[in-house]
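Analysis of the macromolecular model
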2 protein chains.
Amino acid sequence: MAKTLKDLATELGLSQTTVSRALNGFPEVNEATRRRVHDAAERFNYRPSARARSLATGRTMTIAHVLTFSKHHEMMNPVYGDFIAGASEAYQQAGYHIHLAVVADSDQEQAFRNLAAERSVDGVLLQAPLTGDFRIPLLQEIGMPFVVHGRASIDGDTDYSWVDVNNKSAFEQATNGLLDLGHRRIGLINGLESMDFARRRKEGMLAALAARGVDPCPEFYASNDMTESVGHEETSRMLSMPNPPTAFLASSFIAAMGVRRAIVEAGLTLGRDVSLVTHDDDLSYLKNGSAQPIFTATRSSVRDAGRIAAQILLSQIRSGDASPVTRLLEVDYIEGPSTGVCPSEPSVLEPVQAG
Amino acid sequence: MAKTLKDLATELGLSQTTVSRALNGFPEVNEATRRRVHDAAERFNYRPSARARSLATGRTMTIAHVLTFSKHHEMMNPVYGDFIAGASEAYQQAGYHIHLAVVADSDQEQAFRNLAAERSVDGVLLQAPLTGDFRIPLLQEIGMPFVVHGRASIDGDTDYSWVDVNNKSAFEQATNGLLDLGHRRIGLINGLESMDFARRRKEGMLAALAARGVDPCPEFYASNDMTESVGHEETSRMLSMPNPPTAFLASSFIAAMGVRRAIVEAGLTLGRDVSLVTHDDDLSYLKNGSAQPIFTATRSSVRDAGRIAAQILLSQIRSGDASPVTRLLEVDYIEGPSTGVCPSEPSVLEPVQAG
DNA sequence: AATCGGGTTCAAAGCGCTTTGAATACCGCA
DNA sequence: TGCGGTATTCAAAGCGCTTTGAACCCGATT
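Below, the structure is looked at part by part. Just so it is clear, the model here is predicted, and its values are computed rather than measured.

Attention now moves to the overall build of chain A. Of the regular secondary structure elements, chain A holds twelve helices and twelve strands. Radius of gyration (C-alpha) of chain A: 26 Å, far over the 20 Å computed for a compact globule of 355 residues. Taken along the three principal axes of its C-alpha coordinates, chain A extends 90 × 45 × 35 Å. Each of the 355 residues in chain A was classed as buried or not, and the buried ones make up 50%. Taking the contacts inside chain A whose residues are at least 6 apart along the sequence as the reference set, 71% of them involve residues at least 24 apart.

As a further point, take the relation of the copies chain A and chain B. Look at the two chain copies: a rotation about an axis and a shift along it is all it takes to match them. When chain A is fitted to chain B, the best match, at an RMSD of 0.1 Å, comes from turning it 180° and sliding it 0.0 Å along the axis. Taken together, the rotation and translation describe the operation of a two-fold axis. Comparing interface residues between copies, 100% of those in chain A also sit at the interface in chain B, which points to an isologous, same-surface contact.

What follows concerns the sheet that holds strand β10 (residues 296–299) of chain B. Residues and elements named next belong to chain B. Strand order in this open sheet of six strands is β7-β6-β8-β9-β10-β12, and the pairing throughout is mixed. Looking at which strands have only one partner, the edges of the open sheet turn out to be β7 (221–223) and β12 (332–334). With direction set aside, neighbouring strand axes in the sheet form an average angle of 15°. Two strands pair when backbone bridges link them, and β10 and β12 are joined in this way by three bridges, in the antiparallel orientation. Bridging across to β12, Ala-297 finds its partner in Ile-334. On the sheet, helix α10 (residues 228–239) packs against β6 (186–190), β7 and β8 (247–250) and is oriented at approximately 155° with respect to β6. Across the sheet, helix α11 (residues 253–265) touches β6, β8 and β9 (275–280), and the angle it forms with β9 is around 160°.

All names here are of chain A. Here we have six strands laid out as an open sheet, ordered β7-β6-β8-β9-β10-β12, and mixed in their pairing. In this open sheet, the two edge strands, each paired with only one partner strand, are β7 (221–223) and β12 (332–334). On average, adjacent strands in this sheet sit at an angle of 15° to one another, irrespective of strand direction. This element, helix α10 (residues 228–239), spans β6 (186–190), β7 and β8 (247–250) of the sheet and lies at about 155° to β6. On the sheet, helix α11 (residues 253–265) packs against β6, β8 and β9 (275–280) and is oriented at approximately 160° with respect to β9.

Residues and elements named next belong to chain B. With respect to the helices and strands, Ser-275 occurs in strand β9. The spatial distance from the C-alpha of Ser-275 to the C-alpha of Gly-187 is 10.0 Å, given a sequence separation of 88 residues. Not counting the four nearest positions on each side in its chain, Ser-275 is found in contact with Leu-178, Leu-181, His-183, Thr-246, Ala-247, Ser-338, Thr-339 and Gly-340.

Facing 46 residues of chain A, the contacting portion of chain B comprises 46 residues. Elements supplying a minimum of two residues to the side of chain A that touches chain B: α4 (50–57), α5 (80–94), β2 (97–104), α6 (108–117), α10 and α11 of chain A. If one sorts the elements of the side of chain A that touches chain B by residue count, α5(A) sits on top with six residues. In terms of residue class, the side of chain A that touches chain B is built from 21 nonpolar, 15 polar and ten charged.

The environment of DNA strand C is formed by 26 residues, the closest being A:Thr17, B:Thr4, B:Leu5, B:Ser20 and B:Ala56. For the surface near DNA strand C, the secondary-structure elements that each account for two or more residues are α2 (16–23) and α4 of chain A together with α1 (5–12), α2 (16–23) and α4 (50–57) of chain B. Top contributing element to the surface near DNA strand C by residue count: α4(B), with five residues.

We now examine the protein's contact with DNA strand D. Close contacts around DNA strand D come from 26 residues, with A:Leu5, A:Ser20, A:Ala52, A:Ala56 and B:Thr17 the closest. Sorting the residues of the surface near DNA strand D by element identifies α1 (5–12), α2 and α4 of chain A together with α2 and α4 of chain B as the ones contributing at least two each. No other element matches the five residues that α4(A) contributes to the surface near DNA strand D. In terms of residue class, the surface near DNA strand D is built from nine nonpolar, 13 polar and four charged.

Further remarks concern the packing of helix α8 (residues 167–180) of chain B against helix α9 (residues 196–211) of chain B. Residue and element names in this part refer to chain B. As a packed pair, α8 and α9 sit with axes 7 Å apart at the nearest point and diverge in direction by 40°. On the basis of the axis angle, α8 is oblique to α9. Here the hand of the crossing between α8 and α9 comes out right-handed. Together, Asn-167, Lys-168, Ser-169, Ala-170, Phe-171, Glu-172, Thr-175, Asn-176 and Leu-179 of α8 and Phe-197, Arg-200, Arg-201, Glu-203, Gly-204, Met-205, Ala-207, Ala-208 and Leu-209 of α9 make up the contact between the two elements.

The subject of this paragraph is helix α12 (residues 302–319) of chain A. Residue and element names in this part refer to chain A. Over its 18 residues, α12 extends 26 Å from the first C-alpha to the last, a length consistent with the 26 Å expected when each residue adds 1.5 Å. Within the span of α12, buried status applies to Val-302, Arg-303, Ala-305, Gly-306, Ile-308, Ala-309, Ala-310, Gln-311, Ile-312, Leu-313, Leu-314 and Gln-316. Of the surrounding elements, those touching the buried residues of α12 are β1 (62–69), α5, β3 (123–127), β4 (146–149), β5 (161–165) and β11 (326–329). Just downstream of α12, Gly-320 is the residue with a positive phi angle, here 70°.

Residues and elements named next belong to chain A. Put simply, α1 and helix α3 (residues 31–43) touch, their axes get as near as 11 Å, and they point 125° apart. When the interaxial angle is binned, α1 and α3 end up oblique. Both α1 and α3 take part in a crossing whose hand is right-handed. For the pair α1 and α3, the contacting residues are Leu-8, Glu-11 and Leu-12 in the first and Arg-36, Val-37, Ala-40 and Ala-41 in the second. Looking at the contact of α1 with α3 residue by residue, the class counts come to five nonpolar, no polar and two charged.

The rules behind these values
Residues numbered from 1 in each chain as written. Chains lettered and ligands numbered in written order. Predicted model: local features only at pLDDT ≥ 70, side-chain atom pairs only at ≥ 80, totals over all residues. Helix = DSSP H or I, 4+ residues; strand = E, 2+ residues; numbered from the N terminus. Rg over C-alpha atoms; globule rule 2.2 N^0.38 Å. Buried ≥ 20, exposed ≤ 12 C-beta atoms within 10 Å, placed from the backbone. Contact = placed C-beta atoms within 7 Å. Least-squares fit on C-alpha atoms with pLDDT ≥ 70 in both. Pairing = 2+ DSSP bridges. Axes fitted to C-alpha atoms, helices over the stretch in contact; angles between N-to-C directions. Nonpolar A, V, L, I, M, F, W, Y, C, P; charged D, E, K, R; others polar. Near = placed C-beta within 6 Å. Parallel < 35°, antiparallel > 145°, perpendicular 65-115°, else oblique. Left-handed = near helix turned anticlockwise from the far one by under 90°. Expected span 1.5 Å × (residues − 1).

So, in structure tokens, the structure goes:
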């Protein structure tokens, strides 16, 4: 039972060189020989050792996906799964593998340095960046190819590669949708605003309000983990205020389910008494309805984002060209039954003028 | 800037042997030398190349997690994230890494054979087995250490290692809970019954019914993807039957949210008009309430399962002992507000006799 | 007949580590 | 002074590949 290249070569009475070249499709191998080699390889189920090969070539054919795991929050971001599913479509085609690193906040720096020093990956896919995330300059310093899912800088964002949803415009659209329906007191169930995307979403909301001359209500803005429970708690809290919001913006589908629960619990009807627009990552197990949408939503497939990010990273690795590639994904605005005309506003049919 | 062992050795005026041994804690190295080596290694941020090391040692220090991705259903199981978070706790301590393989149903066999032939992992963590899953005998044939999250055989299940929730007893308990409340017509929103866990859950339900002499209602048993939408659809369908269920068992928290939506939509009140018990994997972003539970549930932490499975696998790899280790996790039965006395039954206070 | 060159194949070096077996230094003891 | 032994260090082989540079075979060219 042949196992190594050497075994295969002896078995066939050929040199390792020839066998290697036959298998790797080099042109200088006689067709008859190539066929013999392929047959034998198949017969013995021979595949080159990934480690040996990568030691010889210098390429590992592996990409690290770094998932940060907050010790404090003990949370695993639910979008990782679909993002990775998307990315792996690209990897599979290209023969790449995923090295999954789950690393605690506190160990980030060492983890990245190790990744580079151990030379076990050709590139890094970075997820869930914070505003001003230090990992980006770190990766640049290390000289490791990388693509970020999301962005991190306050200004610019042109000196590294990223794929991101246009969070600001998404929440601007969502806010405008609610303003058009006459809502003026809008609750925001946001993610942690240390996360870059959450900051941008809030910016989008505030920009839309400002553009219409509507005063923001800071007491209606929650920034917290995006769980069902938190969505429920924050919403309940706001609904019990003397002058509660008439509409909510939720940062994720899961949080939105908590918002809905709070609304129902308060004896109100979603889409009539209270409106809700959520962002929707189009997760495979959490589709926004099959025939009809469940929520009015700003949708952008995180799986597509994964595929695109992986493609960008692979092409950077292949070309050796590190010049940044960026891709801003616009959302689809889905009108669903969770939004309706603001009940308390009389003049709903004539939207306020901008400015 | 030293990068390799050789560089470090020349830098220090030592042989590679000594440097390697100093770094790896061999006893025959002079303490002073060891300190010098460690200092230099730190200064240069030297870490041995993972590939070179594994080529030399024969161990890859890597575990494959194989996630099946159904081309047909295009679904990524939402529990993978927390399972992996748990497993990586164990790996991190032991210095192991995760090789993530997302493989389509159709390519399973070749994917596993490649994994073995490429020698890129020391073991495999297998997820979401089907009843009679062919991958188990396949891995046995290949001779790769593995642990299954879940089980696959109809009988026995003693010739390989696994970690599983006691699905049967969980759904027996849940069913008994509903029977005690007087419910007789119980809907089951199950996962695909080709999945082993779903089959066992149904068995548990049927066993509980049989033990109390309650006739099963096959028209109330749905077997489908465990998404919110599907939970909603199946429940709506059943609720619109002439003699609908008064209670539901849901196979996952996400499906349960769809069940709830359907109940609310039908103008019914959860926990009063209709009851619901769900299985709860205790996912980090989908906790069953913070202070009070949302649903009555059978709970078992999938993250714990991940940690335990990884520990078993690592100890098997270390000891080289392949004798199977199994671990059956019992659920916690959580009483929440989603269950109540069956409204249509008059004699609810006197539970039926068993038999 | 001697040379040339395309088509094929090969031996050997090298990727960066670990590990074997041998060498060296230095100690106390006879 | 010389020897066994312990402590420490080293050179070299090997892990399983790829790749360089050379060699070989043969029909075509001069």
